[in-house]
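Listed below, chain by chain, are the residues.
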Amino acid sequence: MSHWSVARKVAMVFALLLATTLGVIAAAVWHTLAVERNVAHSQAVQQLVAQLTTLRMVAPDRVAVDDQSAKDQETLWLELEQSLEQVAGFAEHLPPELGQGLARFHASLGHHRIAFAQAVSAYRHDQRYAREQLFAERLLESPLASAVAADRERAARIAMQLSQLYVMRDLAVLDEIRPELARVEDQGLRDALRKRLGWAEANYVNDLGIRERQLFLDDALDGLIDLGTAVLAKLDRRNQQINRRLLASLAGLLVIYLALLLLIGWQAMRYVRHFLAAQTYAIAEIEQGRYGYQPWPLPDDELGRLGGFIKRVALGLGESRAQLEQSLNRLRLAARVFSSAREGIVITDRRGRIVDLNPTFSEMTGWPREEAIGRSMRPLRCDHHSKTFYRSIARSLASRGFWRGEAYIRHLDAEPFPALVVASEVKDDMGSTSHYVWLGDNITQIKDQQHRLEHLAHHDALTQLPNRVLFADRLEQAMAQVQRTGGLLAVCYLDLDDFKVVNDSLGHRAGDRLLIEVARRLRGIVRGLDTVARLGGDEFALVLNEVQDAEGCRMSLARLLEGLTKSFALGGGPLLQVSASIGAAVYNGGSTTADELVRRADQAMYRAKELGRNRFHLFEPGRALPLVDRENTLTRIERALADGEFVLYYQPKVDLRCGQVVAAEALIRWLHPRRGLVSPGEFLPVVEGTEFVGQLGDWVLDTALGQLAIWRAAGLELSVSVNISPSHLQAEGFAERLGEHLTTHERVPPSCLELEVLESTALEDIGFVSSVITDCRAYGVRFALDDFGTGFSSLAYLKGVPADVLKIDQSFVRDMLLDADDLALVEAIIGLGRTFRKQVIAEGVETDDQCLVLLRAGCDQVQGFGIARPMPAEELPGWVQSFIPDPRWQAESADVWPLHHLPLLAADVQHRRWVAQVDAYLEDADPRAVPPFAQSSDQCPFGLLAGAADRVPFAGKSETKRISDAHAEAHRVAAEAVALKQSGELESALAMREPLHQAQAQLLGALAAARRQIRRGL
C-alpha cells in the first residue's frame, strides 16, 4: 500500500468507515426485522392454539347430526387451515423438532377432519378419491413442464413412493419421501408434491381415523396445543436472544467503528507528522544552501512525489543559483572590463543618446560621465568630417549592423584626435535593435609614428632629403609634366670625390656631418621647384625642372660645382675641402623611361670621374660609357647562364634568442672565367627589366630548392630565402612556374622556401603584386619585404602586401649605435612588425653589440658579416655544425625591452665601445693615430642616443643625475688623456686610464640601476 496514491488511501479510509457504518445499520435493521418476524410468528402460533382449543371443545357427534355445527366446524377448519399455512410459512425457521411436530399436526388434523366429517362413508369413497387425486398426472403437468430433469426424476420417484404408501400403508415411506422432497429445487413442483404428500397423509390418517378416530383426535389436539405452547415459549426465548445479540452486535460494531476511527486518525497524524518533518528538513537544507541534500524516504504517493518535487525544485534552485552566480560573475567581469578597458566604450540607445560610458572614454574626450549620460554624441563631432561621413556610418549600422573605421573625435577641452572606432548594434530578445556599442581607441601615437615612418620611408634619415622612392616619384611627375606642356628637364647624378678618405681619417661622424652640410648647400643652390635627393652613401640625385636648353643645364651644373668647392666647417673642427663629380641627362618628352634617364645620368657621372673628377658631364646619346666592361652586356650574361658560370652562395641567418642557425639567404654570384667572383651589383642592373631576368630567377629558384633537398637528405633542416626581382615577380605566370618548381622538388616542404621582394619603383601596382603573392602563399611559401624602410615602407603598402617577414635594411642597422635617427627607424620597424604580427629580421649586422641591442629590442633573427659571410653551399653544413652562439645572447634572451627603451640599451653599448676606442688610442704608439670622437658629453653618440627625443625613461631624478655626472666625468678624463698624448706625455696619458675606467664603472652602474627600475615597472 505504500505505493498507493493519497486519494486512493483516503478513498480506502472512507470505504472502511462507510462499510462499518453500513454494517451497523444493516445489523440493526436485520435484528429489528428478526424481532418483528418473531412477534408475527408468536401471534400466528397464539391464534392457532386458540383455534385448536376451540376445536377441542367441539363434540364430533354433534357436528355429525347438526348441520349448523357442521358448518361452524367447516368454518373453523378453514380458519385452522389458514393458520396452519401461516405457521408453515415460518416453520422452516423454527427448530427441527418444532417443524416436524407441525407437520404431524397438519396430517393429524386433516385426518381428523375427514374422519369427523364423513365417518364411515369417507372410507368407502377414500380409495376412489385418492386414486383420482393421487395418480392424476395432470396435477403435475404444469410444475413438471418448467422443472429440470433431476427434479422430474425425483417427482417420478416420489409419485412411485406415494403409490407404495397408498398400497402398503407403511409410514416409513413417508420418511423416504420427505428427504427426497426437500431436494427438489423447483418451488412450484415442491409445493405440488408437498400437497400430494399431504393428501397421502390425510388418506392415511383417514384410514387410521376410521379405526382410531376418537383416540387420535384427542391425543392429537392435546399434543398440538402443547406443541403450540412450546413454540410460543421458544419464540419468546428467541426474541430475547435476538435482542441481546442485537445489543451486543451494535456495541461491538460501535467499538470497531471507534477503533477504526482512532487507527485511521493515528496513522494519518503519523503520516502527516513524518511528511511535515521531511519538508521542514528539506526547507532547512535549502535555506542553508545545501541544495544537494538527501531527502527523507516517503511513500510513493502524491505527498511523497511532492517531496520529490521539492527536491527537484531545490536542485533547480541550486542550478539556478549557480547559473545566477556565474551570470553575476560575468556581469561583474563585464563591468570590470568595461571600466578597466583602455579603449573608450560608449553605449547609446537607438536615438543616439548616451546610456553609459567608461572612464577611458571620459578621459579621452574630457566629457564627464555625469554630464554625458542622456545626451547625444553630436558634441563629439568635429569639422574633419562632413555630414556625408556621419550619414555613411548610420547607413552601415542600419544595413550591416556594424561600422569600423578611423574618425576624428572632438575633445571638449582640446584639439580633435584620431581614433579607431568600431560600432556594433545590440539586439533585444525580439531581434530589434535596442542599443549601439561604440569602441574608440586613440591612435594619435600610431598616426604620428605612421607619419614619421612615412617621412623616413621617403626621406633620407641623415640629411632629410628625399630618398630614392620620393626622387623616383617626383621624376615621374616631372617627366609627365614635360610630356603635357613641353620643355626640358635634367636629371643629375652627383657623387662626392674621395669621400671615403674623410670617413677613414675623421670617422663616420664627421662624414655624416659633411653629408648634412652638402645636402644643405645643394638645397640652397637649386630652385624651389627642383628636387635634391640622397640615393645612398655619398651619392645625390637632382631633378632640374624647366631647363631652357643644354647650355642652361650646363650653367646650373656649374653653379652646383662652384657651391660645393667652398670649404665646410664641421662642428668647430678643421675646414674641409671637397669636390664632386656630376653627370646629367636631359629629357625632352620622348619615350625614355625614368630608369633609363637615371642610368644615363649615372653613366655621365662616371664619365666625369674618368675625366678627372670635380667636373660635370652631360650625357651624349649613342656614345658608350668607357668604364663599362664590354663583357657585362646582356648577351654575355645570358651565355654565362648557359655555360653554368653562376653559383649560389648562402649567408646564414641566426636566431639570437635560441642561439641556432635557422635559415640561409641564397645570393647569386658570377664565377667569371677571367675576373673571378663577380658581385651581383655589377650584372643584375643590366638584366633588370629584361626578359632574361625571369630565366635567371627561375634558375635561382630551382638551384636553391635542389640544394635544400640535398641538405635535408643529409639531416640539415634549414629554410632558404631567395631574392625575387620586381619584374620577375610581376611577369605573367610567375605563380604557376613557382608551383612547377615545388612539384619538381616535392621532397622539399614549401614552407622551407622564402621569397624576398625588394621595395623598388617597379612595385607600383600593389593590388596586382598582392594577388601574385597570395597565389604563391597558397603553395605554403613565405614572403619577406627586403630592405624594408628604403622603398615603399608605408603602412598602406605594409597592409596591402601579404608578407610574413620584414627585413630591416642594413643601412639602418649599420649605424644604429651611432645615429639616433637610424635607431629610431629600427625601433619603428620592429614596432610595425609587432603591430602587424610579422616576423622581423635585421640584415647587415656587423658587431656583437648590434646583436645585443636587437635581441633586447625583440628582433630575434639577424644576418650579416658579424655572423658569417656568404659561403658556398658545400661549406655551410660544416659552419653550422661548428657554430657557437655568444653566451651573452642567452643571458639577454629572457627579457624583451619595450621599444621606447631601446636608446638606453644602445647608449650602454655605445659607451663601452667609446671607452674601448679611447683605450686603444692611448695604447697606440703611432703619433698619427686619430683620436676617437670626444666632443662634449651632450654631443657624443652616448649623449645623443640617451637623450633622443626625450623618449628614454631614466627612472628617477637621482639616477638621471648620476648618469649625467658619470658621463661628463668620463668625457673630462678622456679629453684630458687625449690632450696629454697629443702633447707627448704618453705615461701621464696612460695613467688616466684608471680614472676613465672608474668613471665608466660609475656610469654603467647608474645605467644598471635605471634598467632595474625600468624592469620593475614593466
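Residues numbered from 1 in each chain as written. Predicted model: local features only at pLDDT ≥ 70, side-chain atom pairs only at ≥ 80, totals over all residues. Heavy atoms only, no water.

Caption draft 1: Highlighting the overall build of the protein chain. Regarding its fold elements, the protein chain presents 36 helices and 22 strands. Out of the 1018 residues belonging to the protein chain, those deemed buried represent 44%. Long-range pairs, those at least 24 residues apart, make up 66% of the contacts in the protein chain with a sequence separation of at least 6. Here the protein chain has roughly 52600 Å² of accessible surface; of this, 54% comes from carbon and sulfur atoms. (Helix = DSSP H or I, 4+ residues; strand = E, 2+ residues; numbered from the N terminus. Buried < 20%, exposed > 50% of the residue type's maximum accessible area, 1.4 Å probe, protein only. Contact = heavy atoms within 4.5 Å. Areas by Shrake-Rupley, 256 points an atom, 1.4 Å probe, with all protein chains shown as cover.)

Caption draft 2: Summary view of helix H8 (residues 172–182). Within H8 the residues assigned to the buried category are Val173, Leu174, Ile177, Glu180 and Leu181. Each buried residue of H8 lies within a common arc of 130 degrees when the element is viewed along its axis, so the set occupies one face. Opposite the buried face of H8, by more than 90 degrees, sit the exposed residues Asp175 and Ala182. (Arc of directions from axis to C-beta.)

Caption draft 3: Here's a closer look at the sheet that holds strand S5 (residues 433–442). If you walk across this open sheet you meet the five strands as S2-S1-S5-S4-S3, and the pairing is antiparallel. The open sheet is flanked by strand S2 (354–357) and strand S3 (402–409), the only strands paired with a single partner. Strand-to-strand twist of the sheet, defined as the mean angle between neighbouring strand axes without regard to direction, takes the value 25 degrees. Direction of pairing for strand S1 (residues 344–349) relative to S2: antiparallel, over a ladder of three bridges. (Pairing = 2+ DSSP bridges. Axes fitted to C-alpha atoms, helices over the stretch in contact; angles between N-to-C directions.)

Caption draft 4: Examining the packing of aromatic side chains more closely. A full pass over the atoms with the stated rule returns nine aromatic pairs. Seen in terms of ring centroids, phenylalanine 646 and phenylalanine 683 are 5.4 Å apart; in terms of plane orientation they differ by 55 degrees. Their pairing is tilted. On the criterion of sequence distance, the pair formed by phenylalanine 646 in strand S13 (residues 646–655) and phenylalanine 683 in the loop between strand S15 (676–678) and helix H21 (684–687) is long-range, its members being 37 residues apart. Across this residue pair, the class does not change: phenylalanine 646 and phenylalanine 683 are buried. An angle of 55 degrees between the planes, with centres 6.4 Å apart, marks the rings of phenylalanine 646 and tryptophan 699 as tilted. (Phe/Tyr/Trp six-rings, centres within 6.5 Å; stacked < 30°, edge-to-face > 60°.)

Caption draft 5: Up close: unusual backbone geometry. With a phi close to 50 degrees, asparagine 614 is a non-glycine residue in the positive phi region. Tracing the sequence through the fold places asparagine 614 in the loop between helix H19 (594–610) and strand S12 (616–618). A positive phi angle, near 55 degrees, is found at arginine 837, a position not held by glycine. Mapped onto the secondary structure, arginine 837 falls in the loop between helix H28 (820–835) and strand S20 (839–843).

Caption draft 6: Layout of the pairing of strand S11 (residues 580–587). Along S11, seven of the eight residues are buried, which leaves the element largely enclosed by surrounding structure. Judged from the eight bridges that link them, strand S6 (residues 488–496) and S11 form a sheet pairing that is antiparallel. What sits directly across from tyrosine 493, in S11, is glycine 583. Across three bridges, S11 lies against S12 in parallel orientation. Following the sheet pairing, alanine 584 is matched in S12 by leucine 618. The parallel pair S11 and S12, bridged by H19, forms a crossover whose chirality is left-handed. (Right-handed = clockwise from strand over helix to strand, strands pointing away.)

Caption draft 7: Spotlight on the nonpolar core. By size, the foremost hydrophobic cluster in this structure holds 85 residues, and its most contacted members are Tyr650, Val722, Leu755 and Trp879. Sorting elements by how many residues they give to this core places helix H22 (residues 692–713) first, with eight residues. Grouped together as the second largest cluster of nonpolar side chains are 33 residues, Leu514, Ala519, Leu542 and Ala580 included. (Core = buried A, V, L, I, M, F, W, Y, C linked by side-chain atoms within 4.5 Å.)

Caption draft 8: Structural context of the UniProt feature "transmembrane region" (unreviewed entry) in the protein chain. Residues given the UniProt feature "transmembrane region" (unreviewed entry) here are residues 246–266. With 100% helix and 0% strand, residues 246–266 has its two end C-alpha atoms placed 30 Å apart. (UniProt positions renumbered as here; feature names shortened; annotations may be inferred.)

Caption draft 9: Expanded view of a negative patch on the surface. On the surface, a cluster of negative charge is made up of Asp473, Glu476, Asp595, Glu596 and Glu688. For the negative patch, the secondary-structure elements that each account for two or more residues are helix H15 (468–485) and H19. Turning to its location among the elements, glutamate 688 is positioned in the loop between H21 and H22. (Patch = residues over 30% accessible without salt bridge, like charges linked within 9 Å, V, L, I, M, F, W, Y side chains within 5 Å. Salt bridge = Lys/Arg side-chain N within 4 Å of Asp/Glu carboxyl O. Lys, Arg positive; Asp, Glu negative; His and termini not counted. Charge placed at Lys NZ, Arg CZ, Asp CG, Glu CD.)

Caption draft 10: Representation of the packing of helix H20 (residues 634–642) against H22 within the structure. The interhelical angle for the contact between H20 and H22, taken along N-to-C directions, is 25 degrees, at an axis separation of 11 Å. It follows that H20 is roughly parallel to H22 by the angle criterion. Handedness of the crossing formed by H20 with H22: left-handed. For the pair formed by H20 and H22, the contact residues are Leu634, Ile637, Glu638 and Leu641 on the first element and Phe692, Gln695, Leu696 and Trp699 on the second. A class-by-class count of the residues in the contact of H20 with H22 yields six nonpolar, one polar and one charged. (Parallel < 35°, antiparallel > 145°, perpendicular 65-115°, else oblique. Left-handed = near helix turned anticlockwise from the far one by under 90°. Nonpolar A, V, L, I, M, F, W, Y, C, P; charged D, E, K, R; others polar.)

Caption draft 11: Region of the structure containing the sheet that holds S12. Reading across from one edge, S7-S8-S6-S11-S12 is the order of the five strands in this open sheet, with mixed pairing throughout. For this open sheet the edge positions go to strand S7 (531–536) and S12, each flanked by a neighbour on one side alone. Here the average twist between neighbouring strands, direction ignored, is 20 degrees.

Caption draft 12: Summary view of the pairing of strand S14 (residues 660–672). Here S14 lies mainly inside the structure; 10 of its 13 residues are buried. Alignment of S13 against S14, held across 10 bridges, turns out to be antiparallel. Within the sheet, the bridge partner assigned to valine 654 lies in S14 and is valine 661. As consecutive antiparallel partners, S13 and S14 are separated by four residues, and within that stretch glycine 659 has a phi angle of approximately 70 degrees, a positive value. Across four bridges, S14 lies against strand S16 (residues 719–724) in parallel orientation. Looking at the pairing, alanine 666 lines up with valine 722 of S16. For S14 and S15, the ladder comprises three bridges, and the chain directions are antiparallel.

Caption draft 13: Up close: the packing of helix H16 (residues 499–506) against helix H17 (residues 508–525). Running from N to C, H16 and H17 point in directions that differ by 140 degrees, and their axes come no closer than 6 Å. With respect to H17, the axis of H16 lies oblique. Facing H16, whose interface residues are Phe499, Val502, Asn503 and Leu506, H17 presents His508, Ala510, Gly511, Leu514 and Leu515. Classifying every residue of the contact of H16 with H17 gives six nonpolar, three polar and no charged.

Caption draft 14: Spotlight on a nonpolar patch on the surface. Judged by side-chain polarity, Leu18, Leu22, Ile25, Val29 and Leu33 come together as a nonpolar surface patch covering roughly 460 Å² of accessible area. When you line up the elements, valine 29 lands in helix H1 (residues 6–56).

Caption draft 15: How the structure looks around H19. The end-to-end C-alpha distance of H19 is 24 Å, a good match for the 24 Å that 17 residues give at a rise of 1.5 Å each. Structurally, H19 contributes buried residues whose contacts are with H15, S6, S11 and S12. At the exit of H19 stands glycine 612, carrying a positive phi of roughly 125 degrees. (Expected span 1.5 Å × (residues − 1).)

Caption draft 16: Quick peek at the pattern of salt bridges. Considering all chains together, one arrives at 32 salt bridges under this definition. In this structure, aspartate 497 and lysine 609 form a salt bridge, with 2.9 Å as the shortest nitrogen-oxygen distance. Of the two residues, aspartate 497 sits in the loop between S6 and H16 while lysine 609 sits in helix H19, which places them 112 residues apart along the sequence. Residue classification places lysine 609 among the buried positions, given a relative accessible area of 18%. The salt bridge involving arginine 782 is made with glutamate 754; its shortest N-O contact spans 3.6 Å. Linking arginine 782 in strand S18 (residues 782–788) with glutamate 754 in strand S17 (residues 753–758), this pair joins segments that are 28 residues apart in sequence. Relative accessible area serves as the criterion here: at 10%, glutamate 754 is assigned to the buried category. Salt bridges here are not isolated pairs; linked through shared partners, they connect Lys653, Glu665, Glu754, Glu756, Arg782, Lys807 and Glu843.

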